[in-house]
Amino acid sequence: MNVGTAHSEVNPNTRVMNSRGIWLSYVLGIGLLHIILLSIPFVSVPVVWTLTNLIHNMCMYIFLHTVKGTPFETPDQGKARLLTHWEQMDYGVQFTASRKFLTITPIILYFLTSFYTKYDRVHFVINTISLLTVLIPKLPQFHGVRLFGINKY
């Protein structure tokens, strides 16, 4: 029973990244995070770039690849209950504009972070590991796959 809903989607999670202005809001949120971290005294610019990258990737991993289900009551017989938000996006269709945007954004942030940290070895390793933990679950081969049974239920 969908009392009080004004959408025509069976699962609104499938279309949220296609909403008007969401990409701009996402990029502005990353910029705002970076500015807030820059305002912390006694923290160097390379550390701020690495923190921006790490916080962004951690939040992206949690919200897109860990949290399952939907906050909406859906008439889909509980199918969305077992899927992460990434798996629900665009009804599971791969390589849509939203998925490409969410895949390219951490890569661009990684390149910016690597440049502004002057390719320091420690920052480079930390940022590379962070990037891989966000990009690997986005691969089509991992759609619905739970490694080592983590996040299975």
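What counts, and where the lines are drawn
- Residues numbered from 1 in each chain as written.
- Predicted model: local features only at pLDDT ≥ 70, side-chain atom pairs only at ≥ 80, totals over all residues.
- Heavy atoms only, no water.
- Phe/Tyr/Trp six-rings, centres within 6.5 Å; stacked < 30°, edge-to-face > 60°.
- Helix = DSSP H or I, 4+ residues; strand = E, 2+ residues; numbered from the N terminus.
- Buried < 20%, exposed > 50% of the residue type's maximum accessible area, 1.4 Å probe, protein only.
- Lys NZ or Arg CZ within 6 Å of the ring centre and 35° of its normal.
- UniProt positions renumbered as here; feature names shortened; annotations may be inferred.
- Contact = heavy atoms within 4.5 Å.
- Core = buried A, V, L, I, M, F, W, Y, C linked by side-chain atoms within 4.5 Å.
- Axes fitted to C-alpha atoms, helices over the stretch in contact; angles between N-to-C directions.
- Parallel < 35°, antiparallel > 145°, perpendicular 65-115°, else oblique.
- Left-handed = near helix turned anticlockwise from the far one by under 90°.
- Nonpolar A, V, L, I, M, F, W, Y, C, P; charged D, E, K, R; others polar.
- Expected span 1.5 Å × (residues − 1).

Caption draft 1: View of the packing of aromatic side chains. All chains considered together, the criterion is met by 6 aromatic pairs. On the numbers, 4.5 Å between centres and 5 degrees between planes, the contact of Trp 23 with Phe 101 is stacked. Of this pair, Trp 23 sits in helix α1 (residues 22–38) while Phe 101 sits in helix α4 (residues 97–116); the two residues are 78 residues apart in sequence, bridging distant segments of the chain. For Phe 101, a relative accessible area of 14% gives the class buried. Ring plane angle 45 degrees and centroid distance 6.1 Å describe the contact between Tyr 110 and Phe 124, whose orientation is recorded as tilted. Here the residue Tyr 110 occupies a position in helix α4, and Phe 124 occupies one in helix α5 (residues 121–135), the gap between them amounting to 14 residues. Connected via pairs of aromatic rings, a cluster forms that spans Trp 23, Tyr 26 and Phe 101. Above the plane of the ring of Trp 86 lies Arg 99, whose end atom (NZ or CZ) is 4.8 Å from the centre.

Caption draft 2: Structural view of the UniProt feature "modified residue: Hydroxyproline" in the chain. As recorded in UniProt, the sites labelled "modified residue: Hydroxyproline" are Pro 137. Considering the arrangement of structural elements, one finds Pro 137 in the segment after α5. Judged by its relative accessible area of 21%, Pro 137 is partly exposed. If we ignore the near neighbours within four places in the chain, the residues touching Pro 137 are Tyr 61, His 65, Trp 86, Leu 132 and Phe 142.

Caption draft 3: Representation of the nonpolar core. Of all hydrophobic cores here, the largest spans 12 residues; its members are Met 17, Tyr 26, Ile 30, Trp 49, Met 60, Leu 64, Trp 86, Met 89, Phe 101, Leu 102, Leu 109 and Val 134. Elements supplying a minimum of two residues to this core: α1, α2 (45–66) and α4. When neighbours within four sequence positions are excluded, Trp 49 is seen to be in contact with His 34, Leu 109, Leu 112, Thr 113, Tyr 116 and Thr 117.

Caption draft 4: Structural detail: the packing of α1 against α4. Relative orientation of the contacting elements α1 and α4 amounts to 15 degrees, with a least axis distance of 12 Å. It follows from the interaxial angle that α1 and α4 lie roughly parallel. Of the two elements, α1 crosses α4, and the hand of that crossing is right-handed. Note on element contacts: α4 touches α1 through Ala 97, Ser 98, Phe 101, Leu 102, Thr 105 and Leu 109, opposite Trp 23, Tyr 26, Val 27 and Ile 30. Partitioning the contact of α1 with α4 into residue classes produces 8 nonpolar, 2 polar and no charged.

Caption draft 5: Broad picture of the side chain of Ser 130. Position of Ser 130 relative to the elements: it lies in helix α5. Not counting chain neighbours up to four residues away, the residues in contact with Ser 130 comprise Asn 53, Leu 54 and Asn 57.

Caption draft 6: Highlighting α2. With 22 residues, α2 should cover 32 Å at 1.5 Å per step; its first-to-last C-alpha distance of 30 Å lies within 8% of that length. Buried within α2 we find Val 48, Trp 49, Thr 50, Thr 52, Asn 53, His 56, Asn 57, Met 60, Leu 64 and His 65. On its buried side, α2 packs onto α1, α3 (85–88), α4 and α5.

Caption draft 7: How the structure looks around the UniProt feature "transmembrane region" in the chain. On the UniProt side, "transmembrane region" is annotated at positions that read residues 22–42, 43–63, 95–117 and 122–142 here. The distance from the first to the last C-alpha atom of residues 43–63 is 27 Å, and the span holds 90% helix and 0% strand. Structurally, residues 122–142 is divided into 67% helix and 0% strand, and its ends, taken at the C-alpha atoms, are 29 Å apart.

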